[in-house]
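# A structural walkthrough
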Amino acid sequence: MSKYTEDDLKKELETQEYEYGFYTDIESDTFPKGLNEDIVRAISKKKNEPKWMTDWRLNAFRLWQEMEEPNWANVNYKKPDFQDIAYYSAPKAIDPNKTLDDVDSELLAMYKKLGISIDEQKKMNNIAMDIVVDSVSVATTFKKTLAEKGILFMPISEAIQEHPELVKKYIGTIVPQTDNFYAALNSAVFTDGSFCYIPKGVKCPMELSTYFRINEGGTGQFERTLLIADEGSYVSYLEGCTAPARDENQLHAAVVELIALDDAEIKYSTVQNWYPGDKEGKGGVFNFVTKRGICHTNSKISWTQVETGSAVTWKYPSCILKGNNSVGEFYSIAVTNNYQQADTGTKMIHLGKNTKSTIISKGISAGKSQNSYRGLVQIGSRAENARNFSQCDSLLMGNKCGAHTFPYIESKNKSAQIEHEATTSKIGEDQLFYCNQRGIDTEKAIALIVNGFSKEVLNKLPMEFAVEAQKLLEISLEGSVG
Amino acid sequence: MLKIKNLHAGIEGKGILKGINLEVKAGEIHAIMGPNGSGKSTLSSVIAGNETYEVSEGSITLDNEDILELSPDERAHKGVFMSFQYPIEIPGVSTTNFIKTAINEKRKANGLGDLPAKDMLKLIREKSELLKMDRKFLSRSLNEGFSGGEKKRNEIFQLAMLEPKLAILDETDSGLDIDALKIVANGVNKLRNKDNAVIVITHYQRLLDHIIPDFVHVLHNGKIVKSGGKELAHELEEKGYDWIKELA
Amino acid sequence: MSLHEKLVSSFMVLENQGKLDLDSSIHDIRTEAISSFEKQGFPTKKDEEWKYTSLKPILKYDYSVFPKIETAVEFKDVKKYFLHEIDSYKVVFIDGVYSSFLSSTTHDGYDICLMSAAYKQPKYKLVLDNYFNKIANKKDSITNLNTAFSMEGAYIHIPKNIVLPKPIQIVNFYTGSEKEILLQPRNLVVVGENSHCQIIERHQSLSSNVVLTNAVTEVFASKRAIVNYYKIQNDHENASLIDSTYVQQKESSIVSVNTFSFGGKLTRNNLEFYHDGEHIESHLNGISILNEKQHVDNHTLVRHQTPNCESFELYKGIYDDASTGVFNGKVIVDQEAQKTNAFQQNNNILIGDKASINAKPQLEIFADDVKCSHGCTIGQLDESALFYMQSRGIPAKEAKALLLFAFTNEVVEKIKIPELKSRITKLIANKLGVKLGFEL
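Presented here is an overview of the structure given in this document.

## A closer look at the overall build of chain C
Summing up its helical and strand segments, chain C has 10 helices and 20 strands in all. The C-alpha atoms of chain C give 21 Å as radius of gyration, which agrees with the globular expectation for 440 residues (22 Å, within 12%). Looking at chain C as a whole, 61% of its 440 residues qualify as buried. Restricting the contact set of chain C to residue pairs at least 6 apart, pairs at least 24 apart contribute 83%. For chain C, the exposed surface amounts to about 17,200 Å²; the carbon and sulfur share of it is 52%. Once the 49 positive and 54 negative side-chain charges of chain C are each reduced to a mean point, those two points are 3 Å apart.

In structure tokens form, the structure reads like this:
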């Protein structure tokens, strides 16, 4: 390997296989493909939901039928056939209500392969986990420890049964059913997801975590997450996603709603590693996600995401800074390789006085991929002294990929201060030679430089996640590692 | 240790080195001096394996092994170190993280496991004290926002950490004030032993007051036109390079 | 009848009245343009490119679309609108009709004259065939509208190796002879190899009647040509302007377009640069200083299609009262355009309680070995600097004006004609409502 050039690296990247592309053979209970009111009713029935919930879903379904799939994003893909998707798939071997001890050993083995052995997580990381495979929440750990603090952390299907007043009060208030095509679809057919409530003044003692996995072929995953941090509380929430390698495109359309009441703080971190498709651009997950949070007075929501997977990503975790002195943050790393397309960014809507937002976005494009940042910073006429700082940097590897920046900046208040910067660069030959001279080979040097480029965002991740994220970056961009 | 025979090299077809012959034995310090554009920096880049330059003729061996076919990182693993005239900035990568990666990569190439964190820290402490470095520099992004002097000191710190067989100091004195120069020179001198060797590339003699060379070579127009002892450096300082040009 | 319908039927009237030369190749282009416009209609805010500018308030009028007979205008009454301190070529139109009295044209070695003459005379045919409507954006309905009705404007053709001895002023006056008038000047600028020219363009109403100008200019810069184009927009509160300028550059050419928007009800500047050759430099500069309910939308595109080219974009905006500013700057770097340097900067200061700004700086990069960046800021005057100046005895208003000058200075400094620079400085002073007490 006397001359390891970027071209060699690119070749390796193409042939590198998706590490999580295994399929777990567990018998599952799957609905027939297709979508109509009966299917919506059946999902609701399967979940044993109260009538208000069934009606809510049906309303969303009717609205969805009137809507058109959006096409403004900088992505090209074959629109999914919504009648060719199964909207419910549950692993049969387990009962959603079972405790962790009852979990299918095959499932546990799968988690181990994912590097998230529940046992290990329990012991080592002090993280409470909810795991959603295909459509159903499999196990929630640490329920008891959390209950002592009054923290509710459970599958949303369970919350609908046990805490209907909370769900009813907040669901759909941040992401209305009519928000967009996929949010409407999700509202009609969501099958599970996580629910979390942190009572007043409680600092959640551990990281809460949900792991999502699509296993069954031809299924869509529509999870719904609702997280409420009551006054003065704090929670850090982690979300991980993987899917097995499959030829067909799988659809993932999630909705996440965050509510930070006065003086509360929510940290929401995502490592998204859905199957990106093969090097020819075949298969891979369509990731069309709506994530939004509302900040009341003095509260803070911080989104951190590491996006390495999915064939097509369409995702804008946003903050509505309604309360005075509230703070919104968005830290993002998006890596695209081969034929991946990502159109991601954030919206910071400043409504309250003295509201602050920070946006740091790092896009890395390789192969024939297209990576776009799309963001909105909006300062309302009453948002006195609002502040925003945005930085969007792109790193290009090879000349067949694209990096695009589409920021929208709108200010209606003269006291607002907004700064936006964007740069595009490549890894310098001189940087590579310098690393080489110190004994670091080109591949490792690229990993090092990419990690350095992404550092401001990696630093925002909780420790356990940061290590995983760093590894993911390497896997996504380097052929020979692992 | 290092043997260069009839080395011809250039860039985009333009010849810069036109037949260099040089032998450096273990324990020796060689100084290479010469006017601007004489090929000094090209020589160091070619030894280190910078692929911008094409070698058209001649050989370079290290301990009798041909290194011309090796990539820059493989040469580094064999113990070649070059202190850059213009050290490169790598945003977001701390000096500590960088040097840790470099050391472990070298160890891996030599069949060793990672250096335990405890030993790494001890080594970093020791070497940063040797160079009187403020340790907060080590956690900053590599060379980013460093002054010229800080960058050079950081280069010598890396040299101390990597303990190479052959160290090439390319214009290390430029950008250094006299105090920093002494610290850097002191660092280099302390690292000397009978098994390693140093090539100092410089335009001026002042660094050579502190790192005393065994041999001085004068490079002009891609060739070594005169070799001698340390007194040659003083002669050059007094007379300038013009008389050398006449020699050629 | 909507304006859209009226315009389409007016075109037929024009044809029937024999006012258009039906046999010329230009007419084919016009016919195609009107049918595109008929299909496209006027853009609405649903159109991404018009997201922040609504044409509704200016499309409601019953515009008169046919230029009338020349109205006499005395030079002394309009002298102040010219850069009269220096000698220049002048191409002047009154209510859309060429004014030979106010103009100063030439055919001596190069042509600085009017389009209507160029359409008719065979010796210009080759130039028109090669350049007319070649880079104007066919997808832009408003440009298509101009193309359909293009009958008059400035025609500038400089052969190679000529450095023009003096600048060219293109001035369009509106006398208010009609209550509501729509004017559509069309300019063509072709600059040959190694040639150099400077152009100052101005649209000026002489009454407060409603006027909408839909101007289109195509600029072609050959190898090593240098073109400096200045646009002064300081019209009254019932005048609106949609100005579309398209620039194509060949190898090693340098083109700058500098836009100064201080007046008018609604101003939209479409500015598009296309590169065709290496080592090209493009400069896009602008200052907008708005008050009351003015609206200015600077909409730029730089398309890097070839390697080793550079573009520099700098727009500054100051918005008082309830004015609105828009900056939409797009830089596209094609896969072939390696070693591109593209810089874009947009700085804004909001002063008015109801003022607002919408900015959309975009980069679309398809090449890896490039240096591209954009920066956008929205802020206020530095309070501590204001206080410091006041503490030295400078009244608040003057202190504020000085700081605003400083803010715009970076762009003013790029003006290469000294007399124009001082004129622009005075316009800025007037606009900010301060007597400076010293000459800048």
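## Quick look at the interface of chain A and chain B
Counting residues at the interface gives 20 residues for chain A and 35 residues for chain B. It is Phe433, Tyr434 and Arg438 of chain A in chain A that bury the most area against chain B; as a group they hold 33% of the surface buried on that side. Joining chain A to chain B, the criterion identifies one salt bridge. Taking the shortest distance from any N to any O, the salt bridge between Glu155 of chain B and Arg438 of chain A comes out at 2.5 Å. Broken down by secondary-structure element, the contributors of at least two residues to the side of chain A that touches chain B are α10 (429-437) and α11 (442-458) of chain A. At seven residues, the largest contribution of residues to the side of chain A that touches chain B is made by α10 of chain A.

## Focus: the sheet that holds strand β12 (residues 223-228) of chain B
All names here are of chain B. One open sheet accounts for six strands, arranged β6-β9-β10-β3-β11-β12; its pairing is mixed. Across the chains shown, the open sheet's two edge strands, defined by having one partner strand only, are β6 (80-83) and β12. Strand-to-strand, the axes of this sheet are offset by a mean angle of 20 degrees, without reference to chain direction. Here strand β11 (residues 215-220) pairs with β12 via five bridges, running antiparallel. Directly across from His220, in β12, lies its bridge partner Lys223. Across the sheet, helix α5 (residues 148-162) lies against β6 and β9 (166-170), angled at about 165 degrees from β6, the strand it touches most.

## Points about the interface of chain C and chain A
With 35 residues of chain C in contact, the opposing surface of chain A contributes 31 residues. Regarding the contact of chain C and chain A, the summed buried area is about 2,600 Å², with carbon and sulfur atoms giving 47% of it. Among the residues chain C hides against chain A, the three largest losses belong to Asp368, Ile378 and Gln380 of chain C. Together they make up 22% of the total. At the junction of chain C with chain A, the criterion picks out one salt bridge. Among the ionic pairs, Asp353 of chain C bridges to Lys414 of chain A, the shortest N-O distance being 3.1 Å. Seen at the junction of chain C and chain A, the total is 19 residue pairs in polar contact (both at pLDDT 80 or more). With 10 residues, strand β19 (residues 356-365) of chain C is the single largest residue contributor to the side of chain C that touches chain A. Sheet topology places strand β24 (residues 417-426) of chain A next to strand β20 (residues 371-379) of chain C; seven bridges connect them, and they run antiparallel.

## Looking at helix α2 (residues 37-46) of chain A
All names here are of chain A. Of all the residues in α2, the buried ones are Ile39, Val40, Ile43 and Ser44. Projection of α2 onto a plane perpendicular to its axis shows the buried side chains occupying an angular sector of 140 degrees, all on one side. For α2, the exposed residues set more than 90 degrees away from the buried face come down to Asp38 and Lys45. Where α2 is buried, its residues contact α3 (51-66) and α9 (181-189).

## Some thoughts on the pattern of salt bridges
What the rule picks out here adds up to 44 salt bridges over all chains. Arg41 of chain A is paired through a salt bridge with Glu37 of chain A; the nearest N and O atoms lie 3.6 Å apart. A residue pair is termed a helical-turn pair when its members lie 3 or 4 positions apart in one helix, as Arg41 of chain A and Glu37 of chain A do in helix α2 at four residues. Among the ionic pairs, Asp334 of chain C bridges to Arg303 of chain C, the shortest N-O distance being 3.3 Å. One end of the pair, Asp334 of chain C, is in the loop between β17 (324-333) and β18 (341-350); the other, Arg303 of chain C, is in strand β15 (residues 295-304), and 31 residues separate them in sequence. Take Asp334 of chain C: its relative accessible area is 13%, and that puts it in the buried class. A relative accessible area of 28% places Arg303 of chain C in the partly exposed class. Salt bridges sharing common partners tie together Glu37, Asp38, Arg41 and Arg62 of chain A.

## Notes on the pairing of β6 of chain B
Residue and element names in this part refer to chain B. Taking every second residue as pointing to the same face, both faces of β6 are buried, with Val80 and Met82 on one and Phe81 and Ser83 on the other. Where β6 lies against β9, four bridges are found, and the strand directions are parallel. Paired with Val80 across the strands is Leu166, a residue of β9.

## Concerning the sheet that holds strand β2 (residues 14-24) of chain B
Residue and element names in this part refer to chain B. Sheet architecture is open: four strands sit in the order β2-β1-β4-β5, paired in antiparallel fashion. Whereas interior strands pair on both sides, the edge strands pair on one side only; in this sheet they are β2 and β5 (65-66). Judged from the eight bridges that link them, strand β1 (residues 2-11) and β2 form a sheet pairing that is antiparallel. Residue Ala9 lies in a different strand from β2, and its bridge partner there is Leu17. Across the sheet, helix α1 (residues 40-48) lies against β1, β2 and β4 (54-62), angled at about 110 degrees from β1, the strand it touches most.

## Some thoughts on the state of the cysteines
In protein chemistry, a disulfide is the covalent bond that joins the sulfur atoms of two cysteines. With the rule as written, the count across this model stands at zero disulfides over all chains. Cys295 of chain A forms no disulfide, and the closest cysteine sulfur to it belongs to Cys319 of chain A, at a distance of 5.2 Å. In this structure Cys295 of chain A comes out as buried when scored by relative accessible area, which is 0%. Free cysteine: Cys372 of chain C, not disulfide-bonded; nearest cysteine sulfur from Cys309 of chain C at 12 Å.

## Section: a positive patch on the surface
Together, Lys347 and Lys412 of chain A together with Lys45 and Lys51 of chain C line one region of the surface with positive charge. Mapping Lys347 of chain A onto the fold places it in strand β19 (residues 341-350).

## Looking at α11 of chain A
At Gly452 of chain A, α11 of chain A is bent by approximately 40 degrees, the largest bend along its length. Of all 17 residues in α11 of chain A, 14 are buried, a share of seventy percent or more.

## With respect to the pairing of strand β22 (residues 387-396) of chain A
Residues and elements named next belong to chain A. For β22, the buried fraction is high: eight of the 10 residues fall into the buried class. Pairing of β22 with β24, which is carried by 10 bridges, proceeds in the parallel orientation. Its bridge partner lying in β24, Asp393 is registered against Thr423.

## So, the packing of helix α4 (residues 117-130) of chain B against α5 of chain B
Residues and elements named next belong to chain B. Between α4 and α5, the shortest axis-to-axis distance is 10 Å and the interhelical angle comes to 135 degrees. Of the possible angle classes, the one that applies to α4 and α5 is oblique. Two packed elements cross with a definite hand, and for α4 against α5 that hand is right-handed. On α5, the residues that touch Met120, Leu123, Ile124, Lys127 and Ser128 of α4 are Phe157, Ala160 and Met161. A breakdown of the residues in the contact of α4 with α5 according to their chemical character gives six nonpolar, one polar and one charged.

## Some details on the packing of aromatic side chains
Residue and element names in this part refer to chain A. In total, this model carries 36 aromatic pairs over all chains according to the counting rule given. Taking the centre distance of 5.9 Å and the plane angle of 65 degrees together, the rings of Tyr182 and Trp314 count as edge-to-face. Of this pair, Tyr182 sits in helix α9 while Trp314 sits in strand β16 (residues 312-315); the two residues are 132 residues apart in sequence, bridging distant segments of the chain. The pair Tyr182 / Trp314 is uniform in exposure class, with both members buried.

## A few points about unusual backbone geometry
One non-glycine residue with positive phi stands out, namely Asp263 of chain A, at about 65 degrees. Tracing the backbone shows Asp263 of chain A in the loop between β12 (255-260) and β13 (265-273). According to the relative accessible area criterion, Asp263 of chain A is partly exposed, its value standing at 45%. Positive phi values are uncommon outside glycine, yet Asp321 of chain C reaches one of about 50 degrees. The topology assignment puts Asp321 of chain C in the loop between β16 (310-319) and β17.

## A closer look at the environment of His8 of chain B
All names here are of chain B. Within the secondary structure layout, His8 lies in strand β1. Expressed as a C-alpha distance, the spacing of His8 and Lys223, which sit 215 residues apart in the sequence, is 9.5 Å. The residues contacting His8, other than those within four sequence positions of it, are Leu17, Lys18, Gly19, Glu54, Val55, Ser56 and Glu57. One polar contact links the side chain of His8 to the main-chain carbonyl oxygen of Asn6, over a distance of 3.1 Å.

Criteria and cut-off values
- Every residue gets a number counted from 1 within its own chain, in the order that chain's sequence is written.
- Working convention: letters from A go to chains and numbers from 1 go to ligands, in the order in which they are written.
- Under the rules for a predicted model, residues below a pLDDT of 70 receive no local features and side-chain atom pairs below 80 are neither given nor counted, while totals for whole chains, interfaces and linings still include all residues.
- By convention in this description, side-chain values take in all heavy atoms of the structure and omit both hydrogens and water.
- Secondary structure elements follow DSSP: runs of H or I of four or more residues count as helices, runs of E of two or more count as strands, with numbering from the N terminus.
- Atoms counted for the radius of gyration: C-alpha only. Globule rule: 2.2 Å times residue count to the power 0.38.
- Buried residues are those whose accessible area, probed at 1.4 Å on protein chains only, stays under 20% of the maximum for their type, while exposed residues exceed 50% and partly exposed ones sit between those limits.
- Should any heavy atoms of two residues lie within 4.5 Å, those residues are counted as being in contact.
- Working definition of accessibility: Shrake-Rupley area with a 1.4 Å probe, residue cover restricted to the visible protein chains.
- When charges are counted, Lys and Arg contribute as positive and Asp and Glu as negative, whereas His and the chain ends are disregarded.
- One atom stands in for each charge, and that atom is NZ of Lys, CZ of Arg, CG of Asp or CD of Glu.
- Defined here as a combined quantity, buried area equals the accessible surface (1.4 Å probe) lost by two parts on assembly, summed across both.
- Salt bridges are identified by distance alone: a Lys or Arg side-chain nitrogen within 4 Å of an Asp or Glu carboxyl oxygen.
- Paired strands, as defined in this entry, are two strands with at least two bridges between them according to DSSP.
- Lines fitted to the C-alpha atoms define the axes, with helices restricted to the stretch that makes contact. Angles between their N-to-C directions range from 0 to 180 degrees.
- Pairs of N or O atoms within 3.5 Å make up the polar contacts considered here, provided that, within protein, one atom can donate a hydrogen while the other can accept it, and that residues adjacent in sequence are counted only when both atoms are side-chain atoms.
- Regarding the arc, it is the one traced by the directions from the helix axis to the C-beta atoms.
- When two cysteine sulfur atoms are found within 2.5 Å, that pair is recorded as a disulfide.
- Patch rule: a residue counts if its relative accessible area is over 30% and it has no salt bridge; like charges are joined within 9 Å, and nonpolar side chains (Val, Leu, Ile, Met, Phe, Trp, Tyr) within 5 Å.
- Bend is the name given here to the angle between axes fitted to two runs of seven residues, the run ending at a residue and the run starting at it.
- By the definition adopted for this analysis, an angle is roughly parallel if under 35 degrees, roughly antiparallel if over 145, roughly perpendicular if from 65 to 115, and oblique otherwise.
- Handedness of a helix crossing follows the sense of rotation of the near helix relative to the far helix, less than a right angle counterclockwise being left-handed and clockwise being right-handed.
- The nonpolar class holds Ala, Val, Leu, Ile, Met, Phe, Trp, Tyr, Cys and Pro. Asp, Glu, Lys and Arg form the charged class, and all remaining residues, Gly among them, are polar.
- To pair, rings of Phe, Tyr and Trp, with the six-membered ring standing in for Trp, must have centres within 6.5 Å; the planes then decide the type, stacked if under 30 degrees apart, edge-to-face if over 60, and tilted in the middle.

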